[in-house]
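# Reading the structure
Listed below are the residues making up each chain.
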Amino acid sequence: MAQKLRNTNLSKIAVKNFSYQFSAVFILKLGGFILTIILARLLLPELFGIYGLVLSIVTIAISLADLGVTETALAYTSKSLGENKKDKARSYFKFFLKTKGLLTIVVILAVLLLSHYLSFSIFKKPEIFLPLIASSLFILVESIRGYLTVWFSATKNLKPTISLEFLIQTVKIILSVIALSILSQDLKISGLFLALSIAGIAYLATSLIIVLKRDRSFLIGKIVQIDKKRAVKYLTFMSLTTISLVFLGSVDTIMLGIFVSSEFIGYYRAALGLIISISALFSFSQILLPIFTQIHGDRLERGIAKTYRYIFLIAIPAIFGIILISKYLIYALYGSEYLPSVNSLIVLSPLLLLAPLISLYSTLFKAKEKPKDLSKMMLYSLIINIVLNYLFINYLLRFG
């Protein structure tokens, strides 16, 4: 009877948190999508391509500043809280916070030191130099902000994330428009990253107030002994997975930055932004990881099967819909300047199915502490992606 009641409670929590996460993700992606449209129209393909290239480099930097620390902290704090061991959860949270802080400092210094070399020697685009310098604050803010979300997910307290996402998306849009309106052409992208940093600071301050007000003991209290060796072993494989995953998502833009001019990057990023915004609505990893750490056997299999069916039910029609209306969609959202993005949108449309599936299985591997298998899968995918990108880019350069 007790087990049945516990199963029912977990199901209710999952449904409730799904609604919160869906709402938060919807606001996140809607806000991000609106911002992308505004930036694409205000910057036009060339500057939008520069922004996309810098953003890809910054995304890699933020991921290197994490190396799976956030996901590992979420897995271990969730498991400890599920065992009613709050002191242990707090200890894991603070242990990984120190690790995260050290990685973030190292990455920011690396970006500052390498920005000139990347701009003038690797990409041969001097215009990305100042934006890379300005992005160091953005990297710092996003790294801290991303780690603090561990509390919301681990405690299954996702309701505040709705208002938090609304806050940051609103501030991002307002400050970005102001920055692009008042700054000169050479400073627009740098100012844009500073505007995004300020929005992140507003989110970070508000979320920290919420955590301290609702669950001060999660951050403040005694530290107990934890299995650091096991956690670090898990983190090692998660690091490989994170590196593979972030390069998997950004290597296309990076390679385009080396081989093609900025406006072509802009066309590609416009299509990619649309696909990412839609596919994120089909991903449930944030609420599934804490739940997957606490269920096993038949219940786990049923949970995976249900999620699998939902993804297919939504993603397959979406792919065909995107293909059918791709030209009209690009024209309506971005304008006639971005019509060359149509081919990229069609090629990228299968990601509407692949991205949620990758997220589902990676969440499963993380929850069951099998990061080694996940890291191998991601590494193989990265290698295949690099080869295909190289062949596709060369084909476009010859016959496009």
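Scope of this entry: the structure provided in the associated data block. Every chain is numbered on its own, with residues counted from 1 as its sequence reads. This being a predicted model, a pLDDT of at least 70 is required before a residue's local features are given, and a value of 80 or more before pairs of side-chain atoms are given or counted; all residues contribute to the totals for chains, interfaces and linings. Based on all heavy atoms of the structure, the side-chain values leave hydrogens and waters out of the count.

Counting secondary structure elements, the protein contains 13 helices and zero strands. Its helices and strands in sequence order give the protein the pattern α-α-α-α-α-α-α-α-α-α-α-α-α, from N to C terminus. For the protein, the proportion of contacts with a sequence separation of at least 24, taken over those separated by at least 6, is 84%. Working definition of accessibility: Shrake-Rupley area with a 1.4 Å probe, residue cover restricted to the visible protein chains. Of the accessible surface of the protein, which amounts to about 19200 Å², a share of 69% is contributed by carbon and sulfur atoms. Note on conventions: DSSP H or I runs of at least 4 residues are helices, E runs of at least 2 residues are strands, and numbering of each starts at the N terminus. Contact definition: two residues touch when any of their heavy atoms are within 4.5 Å.

A separate point is unusual backbone geometry. If you check the backbone angles, Leu44 has positive phi at about 70° while not being a glycine. By the element assignment, Leu44 lies in helix H1 (residues 2-64). Exposure is judged per residue with a 1.4 Å probe applied to protein chains only, and the accessible area is read against the type maximum: over 50% gives exposed, under 20% gives buried, and values in between give partly exposed. By relative accessible area, which is 40% here, Leu44 ends up partly exposed.

Glancing now at the nonpolar core. Membership of the largest hydrophobic core comes to 61 residues, with the highest contact counts inside it found for Tyr51, Phe193 and Tyr334. The biggest single contributor to this core is H1, with 18 residues. When residues no more than four places from it in sequence are discounted, the contact partners of Tyr334 are Phe33, Thr36, Ile37, Ala40, Arg41, Ala270 and Leu274. The next biggest cluster of nonpolar side chains, apart from the first, holds 32 residues, and it includes Leu74, Ala154, Val171 and Ile210. Grouping buried Ala, Val, Leu, Ile, Met, Phe, Trp, Tyr and Cys residues that are joined through side-chain atoms within 4.5 Å yields what is termed a nonpolar core.

On to the packing of helix H4 (residues 129-154) against helix H6 (residues 188-219). Only the stretch in contact is used when a helix axis is fitted, and all axes are lines through C-alpha atoms; the angle between N-to-C directions ranges over 0 to 180 degrees. Remark: H4 packs on H6, axes separated minimally by 8 Å, with the N-to-C direction vectors making an angle of 20°. Overall, the two elements H4 and H6 adopt an arrangement that is roughly parallel. When you trace H4 past H6, the crossing you get is left-handed. Here the residues of the contact of H4 with H6 are counted per class, giving 21 nonpolar, six polar and four charged. Every angle not falling under 35 degrees, over 145, or within 65 to 115 is termed oblique; those three ranges are roughly parallel, roughly antiparallel and roughly perpendicular. The hand of a helix crossing depends on one turn: near helix anticlockwise from the far one by less than a right angle means left-handed, and clockwise means right-handed. In this classification, Asp, Glu, Lys and Arg are treated as charged, Ala, Val, Leu, Ile, Met, Phe, Trp, Tyr, Cys and Pro as nonpolar, and every other residue, Gly included, as polar.

Here we come to the packing of helix H5 (residues 160-182) against H6. Two elements in contact, H5 and H6, have axes whose closest approach is 8 Å; the angle formed by their N-to-C orientations is 160°. Here H5 lies roughly antiparallel to H6, going by the angle between them. When you trace H5 past H6, the crossing you get is right-handed. Its residues assigned to classes, the contact of H5 with H6 comprises 16 nonpolar, five polar and four charged.

Okay, the side chain of Ser91 next. Within the secondary structure, Ser91 is located in helix H3 (residues 86-122). Look at Ser91 and you get buried, because its relative accessible area is 2%. Residues contacting Ser91, with those up to four places away along its chain left out, are Lys222, Ile223, Val224 and Ile226.

A few words now on the packing of aromatic side chains. Between rings of Phe, Tyr and Trp, where Trp is taken as its six-membered ring, a pair exists when centres lie within 6.5 Å; planes separated by under 30 degrees are stacked, by over 60 edge-to-face, and by other angles tilted. Here the structure, examined in full by the defined rule, presents 13 aromatic pairs. Centre to centre, the rings of Phe264 and Tyr267 are 5.8 Å apart; their planes meet at 85°, and the pair counts as edge-to-face. Placement of both Phe264 and Tyr267 in helix H8 (residues 262-279) is noted, with a separation of three residues, approximately one turn of the helix. Under the relative-accessibility criterion, Phe264 is labelled partly exposed at 47%. A ring pair is formed by Tyr334 and Tyr338, whose centres lie 5.6 Å apart and whose planes are at 45°; its orientation type is tilted. By the burial criterion, Tyr334 is buried, and Tyr338 matches it. Chaining the aromatic ring pairs together yields one cluster made of Phe48, Tyr51, Phe138, Phe193, Phe264, Tyr267, Tyr334 and Tyr338. The residue whose ring lies beneath Arg145 is Tyr203, and the NZ or CZ to ring-centre distance is 4.5 Å. Lysine NZ or arginine CZ positioned within 6 Å of the ring centre and within 35 degrees of the ring normal marks a charge as sitting over the ring.

Salt bridge, as used here, is a side-chain nitrogen of Lys or Arg placed within 4 Å of a carboxyl oxygen of Asp or Glu. In total, this model carries three salt bridges according to the counting rule given. For Asp66, the salt bridge goes to Lys100, with nearest N and O atoms at 2.7 Å. With a gap of 34 residues between them, Asp66 in the loop between H1 and helix H2 (69-82) and Lys100 in helix H3 connect regions that are remote in the sequence. Residue Asp66 shares its accessibility class with Lys100, and that shared class is buried. Arg145 is the salt-bridge partner of Glu142, the closest N and O atoms lying 2.7 Å from each other. Separated by three residues within a single helix, Glu142 and Arg145 lie in helix H4, roughly one turn from each other. Exposure class is identical for Glu142 and Arg145. Each is buried.

The values reported here are purely geometric and, on their own, carry no functional implication.
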